[in-house]
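Structure assessment
Given next are the chains, with one letter for each unit.
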Amino acid sequence: VADYEIYKASLESAPLANIRDLLDFDSDRASIPLEDVEPIGEIMKRFCTGAMSLGALSREAHETLAIAVNRFGGKSNSGEGGEDVLRGIPLTDVDERGRSPSFPHLAGLKNGDSANSFVHQIASGRFGVTPEFLVTAKQLEIKMAQGAKPGEGGQLPGPKVSNYIAGLRASKPGVTLISPPPHHDIYSIEDLAQLVHDCHAINEGAGVSVKLVSSVGIGTVACGVAKADADVIQISGGDGGTGASPLSSIKHAGCPWELGLTEAHSALMTSNLRERVILRVDGGIRTGRDVVIGAMLGAEEFGFGTIAMIAEGCIMARVCHLNTCPVGVTSQKEELRKKFPGTPEHVYNFFEFVGEEVRVLMAHMGYSKFEDLIGRADLLNESEKQMKRVEKTQGINTKPFFSGVPDSSEDRSFLRTVNGEIKDTIVHVNKFSSDLDRRVCAVPEIMKVIKENTGEASAEFDIINTDRSTCAMLVGDIARAYGNRGFGGTVNVSFRGSAGQAFGAFVLPGLNVRLTGEGNDYVGKGLHGGEIIVVPAEDAGFVHADSSIVGNACLYGATGGDFHACGRAGERFCVRNSGAYAVAEGTGDHCCEYMTGGVVVVLGSVGRNVGAGQTGGIGYFYDPDDELEVRVNPEIVKMQRVVTREGEAQLKIIVERHVEKTGSVKGQMLLDNWDVEVRNFWQVYPPSEAQNPVVTNTEYETLRVSASAPDGEMCFLPAGAQLNEEQTARCAD
């Protein structure tokens, strides 16, 4: 207790740095005894950890935070980058020393502990976003931006991408990982609404939060997010995420959370939308006083980032990006991780002190229930003592900042849903736009295959463009039962018509989807396995290879699977692809942008900026008119003709499969004159693929030609040789 009091005193005497430093409480009630205030557990449930990724943090630091916050019923956050599936299993093997064979690198454990983050984050890079990651979350967070660097994507330096981190993120060890700015798949509030819809589809039991940055005009954006059926809106202040931000952004970007929170709360109240969402705030929150001020400005939940790291042992060495953290909090080096000093109890104790400080302040102001303080900006006033501390603050008038907050002292209905229910127990549910998905999931033959995990089932449906995220619910049913790759059955679903957005989202191994007609934007979003085939209707009156058959941002964030489109794709095809094998007969701008794995084959013309930010994977582009060179972004990738036997074999087999699956006239034309046409293909690759056998003549162990085959490897046979038993079985598969 004495240490926490010293900590509080040091902050109170520190130089004025925040708007809240100039504020004080002005209660309208007499003080009450501390024992009359609600239990500390009810307050601590409102505490969350910041969205710090596994990769930015070490395993020890990341898992310790999750376990600690889960112990008191708060909300731990995965950050972008995924999580090990092992963390979804509660601990039952902890010995009397607090050690577990499942997590031998952690100390201070208890049986019943869970390292599974409550909130699983989906960022623009989609790192680690798989079906199992989505269905094991209790809440899904869409990261629109980071407080200290609005408008920028994240970056994980190559030295921090260990084998373990690369495995979680479906990338290559040692290769820098870049998250694009969020506009790469979210151009408008409608696109954000679609991603919210996708999340509600694959995991109906999880709420969806949207992380926004404190800025001028955020109130309007918050209203749009509420209308998009988000369950939580997080306002991130300019002090949030500084450990992963450029110095220029830390000093010149981002706004105080006090301003953004006030504007968002006021706009939602004025628009009669406040009861639809929970407001969460983060960015430099350190004490119970910060929590109470945040509540009075409208927040219901509170995120702690840097200070939670300090509680588990961070010493602010400020070398997070160098992979040299001396206490193993932000390093992936084994020798440094062994020096990690923290335990879940350390973090738990800190949050308990914060919760108790909140209770003391509530008693001082005469309030027994925390929720009675939410939105009560009228209980805040300027602190004359603080104003006089520094000359430059004496002329500041903070009252105009908060004068627009609606008076909610009498009407407290915004704390409950329209039906009077507690907001954090209710999540929004997709309406008619997911009805087709519900019909697919209810097919008895499909239900039987999923239940028994064996056999095969097929079904056919008509589809229209209001049917969105089709197959995401089916994917959720499979992933909940068997994870990413444990499904042993086969489900074939065919659709006919014009599909709405995000057709085939998150499809996984064992699920084969075929669309006869056309797709909208985001076809195959987050594809993880299985197969998606899109072909025109038989009576289509256009040349397939010259016409668009799917929209923009298809296969965004794909991590596996095979995709074939008998026609052109729109812009941003295969952005952030890390494992899918995809074929289209032409694309718009930005093809293969930020790609880290997989293979993309384009049998027609492409737009500009091909391969921008691409750090992994291979692209093959048919270019008989030599127009590709000026359209490739040369900052990272290189281009060459297909010069190796392995590269030609990989390309030819993928084109052959494309013709087999789609009946492509363009593909068949190329195969009929292969020896000539193969010379018209360019191969685009980043430095990390320079030693790949398809790029250069080198020794190799395996050569992959498919993401959906059992192991994706290719067999080479001498002329006239026969398949052995193992090869025959693999070819049959």
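The model shown is predicted, which means the values in this text are computed figures rather than measured ones.

What about the pattern of salt bridges?
One pass over the full model with this rule turns up 37 salt bridges. The closest approach of N and O atoms between Lys45 and Glu42, which form a salt bridge, is 3.4 Å. Here Arg97 and Asp95 are joined by a salt bridge, their closest N and O atoms 3.1 Å apart. Residue classification places Arg97 among the exposed residues on the basis of a relative accessible area of 58%.

Considering the nonpolar core
Membership of the largest hydrophobic core comes to 156 residues, with the highest contact counts inside it found for Phe304, Phe495 and Phe563. When residues in this core are grouped by element, the largest group, nine residues, is from helix 13 (residues 344-365). Discounting chain neighbours no more than four positions away, the residues touching Phe304 are Phe47, Cys48, Thr49, Gly50, Ile285, Arg286, Val291, Phe350, Phe351 and Val354.

A closer look at empty space enclosed by the protein
Remark: the empty space left among the atoms is shown by a probe the size of a water molecule rolled over them. Under the definition given, this model contains four cavities of 30 Å³ or more. For the largest cavity, the calculated volume is near 70 Å³. Ser124, Lys143, Glu152, Gly153 and Pro180 are, among the 14 residues lining the largest cavity, the residues nearest its centre. Partitioning the lining of the largest cavity into residue classes produces five nonpolar, five polar and four charged.

Some points on helix 19 (residues 645-662)
For helix 19, with 18 residues, the first-to-last C-alpha span of 26 Å sits near the 26 Å given by 1.5 Å per residue. The set of residues buried in helix 19 consists of Glu646, Gly647, Ala649, Gln650, Leu651, Ile654, Val655, Arg657, His658, Val659 and Thr662. Phi turns positive one or two residues past the end of helix 19, at Gly663, with a value near 70°.

So, the packing of helix 1 (residues 2-12) against helix 13
Following both chains from N to C, one finds helix 1 and helix 13 inclined at 70°, their axes separated by 11 Å at the closest point. As summarised for this structure, helix 1 and helix 13 are arranged roughly perpendicular, according to the angle between their axes. Like other packed secondary-structure pairs, helix 1 and helix 13 cross with a definite hand, here right-handed. In contact with Tyr4, Tyr7 and Lys8 of helix 1, helix 13 contributes Phe350, Phe353, Val354 and Glu357. Of the residues assigned to the contact of helix 1 with helix 13, the class counts are five nonpolar, no polar and two charged.

Details of the side chain of His62
Among the secondary structure elements, His62 is positioned in helix 3 (residues 59-71). For His62, a relative accessible area of 3% gives the class buried. At a separation of 3.5 Å, a polar atom in the side chain of His62 contacts the main-chain amide nitrogen of Leu54. Apart from residues lying up to four places away in sequence, His62 is in contact with Met52, Ser53, Leu54, Leu57, Asn77, Ser78, Glu83, Arg87 and Ser117.

Details of the packing of aromatic side chains
Taken as a whole and judged by the stated rule, the model has 18 aromatic pairs. Between the aromatic rings of Tyr4 and Phe353, the centroid separation amounts to 5.3 Å while the plane-to-plane angle is 10°, which identifies the pairing as stacked. With a gap of 349 residues between them, Tyr4 in helix 1 and Phe353 in helix 13 connect regions that are remote in the sequence. Taking the relative accessible area as the measure of exposure, Tyr4 reaches 7% and is therefore buried. Look at Phe563 and Phe573: their rings are 6.0 Å apart centre to centre, the planes differ by 50°, and that puts the pair in the tilted class. With Phe563 in strand 16 (residues 560-565) and Phe573 in the loop between strand 16 and strand 17 (578-584), the pair connects residues that are 10 residues apart, well separated along the chain. Accessibility expressed as a relative area gives 0% for Phe563, which makes it buried. Given the relative accessible area of 0%, Phe573 is considered buried. Through pairs of rings, three or more aromatic residues link up here, namely Tyr4, Tyr7, Phe47, Phe72, Phe304, Tyr348, Phe350, Phe351 and Phe353. Directly above the ring of Tyr367 sits Arg29, whose terminal nitrogen or CZ lies 3.8 Å from the centroid. For the cation-ring pair, Arg641 lies above Trp682, with the distance from its terminal atom to the ring centre recorded as 3.7 Å.

Criteria and cut-off values
Residues numbered from 1 in each chain as written. Predicted model: local features only at pLDDT ≥ 70, side-chain atom pairs only at ≥ 80, totals over all residues. Heavy atoms only, no water. Salt bridge = Lys/Arg side-chain N within 4 Å of Asp/Glu carboxyl O. Buried < 20%, exposed > 50% of the residue type's maximum accessible area, 1.4 Å probe, protein only. Core = buried A, V, L, I, M, F, W, Y, C linked by side-chain atoms within 4.5 Å. Helix = DSSP H or I, 4+ residues; strand = E, 2+ residues; numbered from the N terminus. Contact = heavy atoms within 4.5 Å. 1 Å grid on protein atoms, 1.4 Å probe; cavity = no way out; pocket = protein on both sides within 12 Å on 5 of 7 lines; lining within 4 Å. Points joined across faces, edges and corners; volume = space filled by probe spheres on them. Nonpolar A, V, L, I, M, F, W, Y, C, P; charged D, E, K, R; others polar. Expected span 1.5 Å × (residues − 1). Axes fitted to C-alpha atoms, helices over the stretch in contact; angles between N-to-C directions. Parallel < 35°, antiparallel > 145°, perpendicular 65-115°, else oblique. Left-handed = near helix turned anticlockwise from the far one by under 90°. Polar contact = N/O pair within 3.5 Å; in protein donor to acceptor, adjacent residues only side chain to side chain. Phe/Tyr/Trp six-rings, centres within 6.5 Å; stacked < 30°, edge-to-face > 60°. Lys NZ or Arg CZ within 6 Å of the ring centre and 35° of its normal.

Purely geometric stuff here, so don't read any function into it on its own.
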